[in-house]
Amino acid sequence: MSRSESPIPKSPDYSLLELASVREGDSVGTTLANSVAYAQRGEKLGFKRFWLAEHHNMEGISSSATAVLVGHIAGRTETIRVGSGGVMLPNHPPLVIAEQFGTLESLYPGRIDLGLGRAPGTDPVTARALRRDGLGAEQFPEDVARLQTLLGPLQPGQPVKAIPGAGTDVPIWLLGSSLYSAQLAAMRGLPYAFAGHFAPRLYREALKVYRDNFQPSEHLQTPYAMLAIPAIPADSVEEAEYLATTSYQRILSLFRGQPLWMKPPVASMDGLWNAGEKASVQDFLSLQVLGDADALRQQIKTLLASVDVEELMFTVDIYDPEKRRHALDILTATRD
């Protein structure tokens with residue numbers, strides 16, 4: 001949260017997480033054009049942020065050059081905050097990230113977020129190809145501190161400067177799916193986002209650890225937490241259940257080590273997965289909200305009764321681009 005943003009809201013804001021998922025048979029160019037249209041619809045409807053996630057060596061995911069896409073989306077929108085959800089910091093020298101996001105903040109002032117993760121966002125072989133000097137997640141706290149210094153005001157005698165970057169104070173978020181980043185975000189006084197869209201198991205514990213241990217900082221005086229969850233909004237519960245099979249097929253492919261192309265929905269998943277795989281997919285999506293506006297409203301209300309967050313960030317895995325954009329209208333209706 002930037003210094004200019006309002007204090008904790010009474011009810012969560014809504015935001016969007018994008019992987020730029022490629023439909024089977026589509027080009028990356030078509031996919032990214034659909035991402036732009038999706039972001040523009042979200043902006044029109046009042047969604048607060050549009051974040052892009054860094055993944056590598058995954059057929060079907062086209063958001064690997066995260067900073068490039070952040071700039072592309074920011075350039076095609078006007079008011080929505082655009083950022084990384086996140087940059088996987090072990091893959092990059094902090095100076096490079098500071099220069100990239102300092103440039104983005106200079107181009108689109110007051111609209112850029114820098115969400116940071118400590119995982120590589122890929123498989124071990126690709127991680128070794130990306131990682132500089134063999135450094136990994138163990139460097140994460142030091143790298144976060146370096147980024148804060150590089151994006152902060154220039155200090156007398158500072159030997160390494162991010163130009164652009166210095167003095168931009170791009171808001172830094174810590175992202176996580178365990179207790180580690182929750183503890184670090186609390187200790188550093190930074191906003192925190194939990195990845196409930198793919199690792200729901202520890203969401204209550206992580207968010208509680210963050211709030212209970214939060215230390216005010218110059219960046220943030222009170223805790224500011226976000227929870228990412230999957231959503232399948234549709235005009236009816238039956239249609240949502242049908243559309244959700246696209247997501248089921250993709251997660252099944254992930255578990256099987258297959259390409260992650262988005263596939264059309266199917267009438268039934270019977271015969272496509274076995275009982276064990278079905279249970280694993282359902283566990284992966286245990287925070288999913290699904291249905292029409294009334295059903296979603298009740299599911300979100302139930303979720304919020306168990307956890308205290310300032311924002312919900314939705315991943316919407318729907319095959320048809322127009323239905324995916326329409327899903328945002330339905331999500332917006334749940335706030336009425």
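Within each chain, residue numbers correspond to sequence positions counted from 1 in written order. Predicted model: local features are reported for residues with pLDDT of at least 70 only, side-chain atom pairs are reported and counted for 80 or more only, and whole-chain, interface and lining totals are derived from all residues. Note that the side-chain values use all heavy atoms of the structure and ignore hydrogens as well as water.

K.L.:
Hey, could you run me through the packing of helix α2 (residues 66-75) against helix α3 (residues 94-107) in this one?
P.N.:
Geometry of a packed helix pair, given as the angle between the helix axes and the separation of the axes. For every element, the axis is a line fit to its C-alpha atoms; helices are fit only across the contacting stretch, and the angle between N-to-C directions ranges from 0 to 180 degrees. Each helix corresponds to a stretch of at least 4 residues labelled H or I by DSSP, and each strand to a stretch of at least 2 residues labelled E; elements are numbered beginning at the N terminus. Taken N-terminus to C-terminus, the directions of α2 and α3 make an angle of 0°; their axes are 10 Å apart at the nearest point. Classified by the angle between their axes, α2 and α3 sit roughly parallel to one another. Judged by residue contacts, Ala67, Val70 and Gly71 of α2 engage Gln100, Phe101 and Leu104 from α3. Gly is placed with the polar residues, together with every amino acid not listed as nonpolar (Ala, Val, Leu, Ile, Met, Phe, Trp, Tyr, Cys and Pro) or charged (Asp, Glu, Lys and Arg). Residues that form the contact of α2 with α3 fall into these classes: four nonpolar, two polar and no charged. Every angle not falling under 35 degrees, over 145, or within 65 to 115 is termed oblique; those three ranges are roughly parallel, roughly antiparallel and roughly perpendicular. The contact criterion used throughout is that any non-hydrogen atoms of two residues lie within 4.5 Å.

K.L.:
Quick question: what am I supposed to make of the environment of Val96 here?
P.N.:
Its place among the elements puts Val96 in helix α3. Each C-alpha atom of the pair Val96 and Leu202 lies 32 Å from the other, and the pair is 106 residues apart in sequence.

K.L.:
Looking at this model, I keep getting lost on the nonpolar core. Mind explaining?
P.N.:
When a protein is soluble and globular, its nonpolar side chains tend to lie buried together. Buried Ala, Val, Leu, Ile, Met, Phe, Trp, Tyr and Cys residues that are joined via side-chain atoms within 4.5 Å together make up what is termed a nonpolar core. Working definition: with a 1.4 Å probe on protein chains only, accessible area under 20% of the residue-type maximum means buried, over 50% means exposed, and in between means partly exposed. With 97 residues, the main nonpolar core has Leu114, Leu116, Leu227 and Phe314 as its most contacted residues. Broken down by element, the residue count for this core peaks at seven residues, all from strand β7 (residues 225-233). If near-sequence neighbours (up to four positions away) are discounted, Leu227 is found in contact with Phe194, Gly196, Tyr203, Leu207, Leu287, Leu303, Val307, Val309, Glu311, Leu312 and Met313.

K.L.:
Hey, could you run me through unusual backbone geometry in this one?
P.N.:
Leaving glycine out, the prevailing phi sign among residues is negative, and the prevailing peptide bond configuration is trans. Here the bond from Gly85 into Gly86 is cis, since omega is 5°, no more than 30 degrees from zero. Summarising the element assignment, Gly86 is placed in strand β3 (residues 81-88). For the bond running from Ile163 to Pro164, omega is 0°, close enough to zero to count as cis. Relative to the elements of secondary structure, Pro164 occurs in the loop between α5 (140-151) and β5 (172-176). Its identity as a non-glycine residue notwithstanding, Asn57 has a phi of 60°, on the positive side. The phi angle at Asp169 is positive, at roughly 50°, despite the residue not being glycine. Examined against the element boundaries, Asp169 turns out to sit in the loop between α5 and β5.

K.L.:
Any chance you could explain the layout of surface pockets here in plain terms?
P.N.:
Picture a little ball the size of a water molecule; that probe, rolled over the atoms, points out where space is still empty. In this model, the largest pocket occupies a volume close to 950 Å³. The way it works is a 1 Å grid over only the protein atoms, where trapped points that fit a 1.4 Å probe form a cavity and open points with protein on both sides within 12 Å along at least five of seven lines form a pocket, and then any residue with an atom within 4 Å of a point lines it. Residue lining of the largest pocket: 46 residues in total, with Leu19, His55, Ala195, His197 and Phe198 positioned closest to the centre. Top element by residues in the lining of the largest pocket is β7. It accounts for five residues. By residue class, the composition of the lining of the largest pocket is 26 nonpolar, 14 polar and six charged. Grid points are joined across faces, edges and corners, and a volume is the space filled by probe spheres set on the points.

K.L.:
Honestly, the pattern of salt bridges in this entry has me stumped. Any pointers?
P.N.:
Two side chains of opposite charge can pair, provided their charged atoms sit close to one another. For this document, the term salt bridge refers to a Lys or Arg side-chain nitrogen within 4 Å of an Asp or Glu carboxyl oxygen. Within this structure, the stated rule accounts for 18 salt bridges. When the shortest N-O distance is used, the salt bridge between Asp13 and Lys48 registers 3.5 Å. Of this pair, Asp13 sits in strand β1 (residues 13-18) while Lys48 sits in the loop between α1 (28-45) and β2 (49-52), and the two are 35 residues apart along the sequence. Three or more residues joined by partner-sharing salt bridges are found here, namely Asp13, Lys48, Arg49, Arg81, Asp113 and Glu311.

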